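As a plain string of letters, each chain reads:
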Amino acid sequence: MRRGVLQAGEKVQFSDRKGKKITEQLTPGGVTQTEHGLILHDDVIGRTEGVVVTTVTAKREGTDSAKPWKAARAIGGWQYAVMRPRLADYVLSMPRGAQIMYPKDIAQVIQLGDIRRGLRVLESGAGSGAMSVNLLDAVGENGSLTTIELRADFARVAKANATLYYGKRPEWWNLKVGDFDSVAATLPEHSYDRIMLDMLDPWNRLEQAYRVIAPGGVLVCYVTTTTQMSRLAEALRESGVWTEPDIQETLERSWKAQGLAVRPDHQMIGHTGFLVVSRAMAEGFQALKKRDRATKDTVTDIDDLTPEEREAQLEDLQLRDISDRKLRKVLRDLDRQLGEIGEE
């Protein structure tokens, strides 16, 4: 973690009074272009976080000739607060090729996956490095992270983003390029405490995942669609070596609190993906399963039934008739409420 004065090469975050944020790397003699002029990096380098800098006038590039009221120069004098970006800010602002996981999902992976200092973690799917950087931060230098990325170009992006965040390449990170099954086959058995899978078909990777995870280890899978989630859950159950999957999604909504104006914001971050969490059983032991109710069929497809079986099942799904006693109670309650307003 970097402390003290801001130095050249560091990423900083400029925030104005409207809440607009700009994340930029400081360079000697460099400038950051804003809507309100230029921020001179030399005004920031050597100073501490929490200072306020003022933009200087700059020529506005690409002025729209159809809007002559817009000046050809961006007038300075706009103030920005200077801070080092939080990890969540860095993840959202970093250059990326693949879609990243949102901080709300990353936080749940760390918490539900019980990923802590000193653990050995295996990750599949580096993407742009958002999850990798957070996993590296969670396990710390006393732990280790092995990441398997199918595409070499995505691996380069992830490696660069992690190196920029830490200021150097994390020594406790082993980034491998290749498909998951082939690379995982070269890893020692039961050598990882946690596994994080972010891929299209995690159900096809369960065999190798079980081979390399330690008994009791936690598997966390991130999938985006209900069909993926359902197929993964069924594969975990059928394998017999993973505990009953826990499935969650997280919705994020921010709030406005200004005087008496206290309300949720009009926009929120809704569905982004599902987290499926399970744990590995020891070899020779089957996972315990919850007994399904005999009257509840959740497996049979109604299109595979005969007309007679389909009709019987549809009858079972119909609402039960309300009892006479219950109906009399409902009518008495409604009559009483109507009497309160003078209606019969």
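Residues numbered from 1 in each chain as written. Predicted model: local features only at pLDDT ≥ 70, side-chain atom pairs only at ≥ 80, totals over all residues. Heavy atoms only, no water.

- As annotated in an unreviewed UniProt entry, the protein chain carries the name tRNA (adenine(58)-N(1))-methyltransferase TrmI and comes from Bifidobacterium merycicum.
- Database annotation for the protein chain, UniProt heading Catalytic activity (unreviewed entry): "adenosine(58) in tRNA + S-adenosyl-L-methionine = N(1)-methyladenosine(58) in tRNA + S-adenosyl-L-homocysteine + H(+)".
- Here the protein chain is described in UniProt, under the heading Sequence similarities (unreviewed entry), as follows: "Belongs to the class I-like SAM-binding methyltransferase superfamily. TRM61 family." (UniProt positions renumbered as here; feature names shortened; annotations may be inferred.)

Some details on the sheet that holds strand β11 (residues 173-177)
Strands pair in a sheet through their backbones, by hydrogen bonds, and they do so in one of two ways: parallel or antiparallel.
So, step 1. A sheet is described by the order of its strands in space; here seven strands give the open sequence β11-β10-β9-β12-β13-β17-β14, paired in mixed fashion. Sheet topology places β11 and β14 (246-248) at the edges, where each strand pairs with a single neighbour. Direction aside, neighbouring strands of the sheet carry axes that sit 15° apart on average.
So, step 2. Running over the sheet, helix α4 (residues 152-166) touches β10 (144-149) and β11 and is turned about 165° from β11.
So, step 3. Strand contacts of helix α7 (residues 226-239): β13 (213-223), β14 and β17 (274-279), with the helix running at about 5° to β17, the strand carrying the most contacts. (Pairing = 2+ DSSP bridges. Helix = DSSP H or I, 4+ residues; strand = E, 2+ residues; numbered from the N terminus. Axes fitted to C-alpha atoms, helices over the stretch in contact; angles between N-to-C directions. Contact = heavy atoms within 4.5 Å.)

Some details on the pairing of β11
So, step 1. Pairing between β10 and β11: five bridges, direction parallel. Within β11, the residue paired with threonine 147 across the bridge is leucine 175.
So, step 2. Between the parallel pair β10 and β11, the chain is carried across by α4, and the sense of this crossover is right-handed. (Right-handed = clockwise from strand over helix to strand, strands pointing away.)

Here we look at unusual backbone geometry
So, step 1. Phi is positive for aspartate 114, close to 50°, though the residue is something other than glycine.
So, step 2. Assignment of secondary structure puts aspartate 114 in the loop between α2 (103-112) and β9 (120-124).
So, step 3. For aspartate 114, a relative accessible area of 31% corresponds to the partly exposed category.
So, step 4. Despite not being glycine, histidine 190 has its phi angle at roughly 50°, a positive value.
So, step 5. Overall, the relative accessible area of 26% leaves histidine 190 in the partly exposed class. (Buried < 20%, exposed > 50% of the residue type's maximum accessible area, 1.4 Å probe, protein only.)

Regarding the environment of valine 220
So, step 1. Its location among the elements puts valine 220 in strand β13.
So, step 2. Judged by relative accessible area, valine 220 falls into the buried class, the value being 2%.
So, step 3. Between the alpha carbons of valine 220 and isoleucine 195 there is a distance of 6.2 Å; along the sequence they are 25 residues apart.
So, step 4. Non-local contacts of valine 220, meaning those with residues more than four positions away in its chain, are made with Val109, Gly113, Ile195, Met196, Leu197, Leu275, Val276 and Val277.

Some words on the packing of α2 against helix α3 (residues 130-139)
So, step 1. Look at α2 against α3: their axes get within 11 Å of each other, and the N-to-C directions meet at 40°. Comparing the axis directions of α2 and α3 gives the class oblique. Judged by the sense of rotation from one axis to the other, the crossing of α2 with α3 is right-handed. Only Ala130, Met131, Asn134, Leu135 and Ala138 of α3 make contact with α2, whose side of the interface consists of Ile106, Val109 and Ile110. (Parallel < 35°, antiparallel > 145°, perpendicular 65-115°, else oblique. Left-handed = near helix turned anticlockwise from the far one by under 90°.)

Let's talk about the UniProt feature "binding site: S-adenosyl-L-methionine" (unreviewed entry) in the protein chain
So, step 1. UniProt annotation of "binding site: S-adenosyl-L-methionine" (unreviewed entry) refers to Glu149, Asp179 and Asp198 when read in the numbering used here. Over a stretch of 50 residues, the named residues converge on one spot in the fold, their C-alpha atoms separated by at most 12.8 Å.
So, step 2. Secondary-structure assignment places glutamate 149 in strand β10.
So, step 3. The buried category is assigned to glutamate 149, whose relative accessible area is 5%.
So, step 4. In this view, glutamate 149 contacts Gly125, Ala126, Gly127, Phe154, Ala155, Lys176, Val177 and Gly178; residues no more than four positions away in its chain are not counted.
So, step 5. Engagement of the side chain of glutamate 149 in a polar contact is seen with the backbone nitrogen of glycine 127, the distance being 3.0 Å. (Polar contact = N/O pair within 3.5 Å; in protein donor to acceptor, adjacent residues only side chain to side chain.)

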